[in-house]
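If you want the building blocks of each chain, they are given just below.
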Amino acid sequence: FKAYPDWAAIEAGLKGGAAAYLKDIGTLAEQAATPWHSHGSYGDHGARFAPADESFRHVYGEMAL
């Protein structure tokens, strides 16, 4: 995005090396990263939200609308 406001240059960069770089990072993450819900800070049983669907964000203090 250093090329801003040259949108053509930004698009060329994203279609070029940036796309391959992001694909490599995604592959590495899939192979080696710990899923966020399995992290030790969530306890032995993984993350738990109440309620267990996307509606939790409506009652969670930090995310309440």
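Residues numbered from 1 in each chain as written. Predicted model: local features only at pLDDT ≥ 70, side-chain atom pairs only at ≥ 80, totals over all residues. Heavy atoms only, no water.

Draft legend 1. Quick look at the overall build of the protein. In terms of helices and strands, the protein carries 1 helix and 0 strands. Split into buried and exposed, the 65 residues of the protein put 5% on the buried side. In the structure as shown, the protein presents an accessible area of about 5,900 Å², 59% of it carried by carbon and sulfur atoms. (Helix = DSSP H or I, 4+ residues; strand = E, 2+ residues; numbered from the N terminus. Buried < 20%, exposed > 50% of the residue type's maximum accessible area, 1.4 Å probe, protein only. Areas by Shrake-Rupley, 256 points an atom, 1.4 Å probe, with all protein chains shown as cover.)

Draft legend 2. Main features of unusual backbone geometry. Pro5 follows Tyr4 through a cis peptide bond whose omega is 10 degrees. Take Pro5: it is sitting in the segment before helix H1 (7-32).

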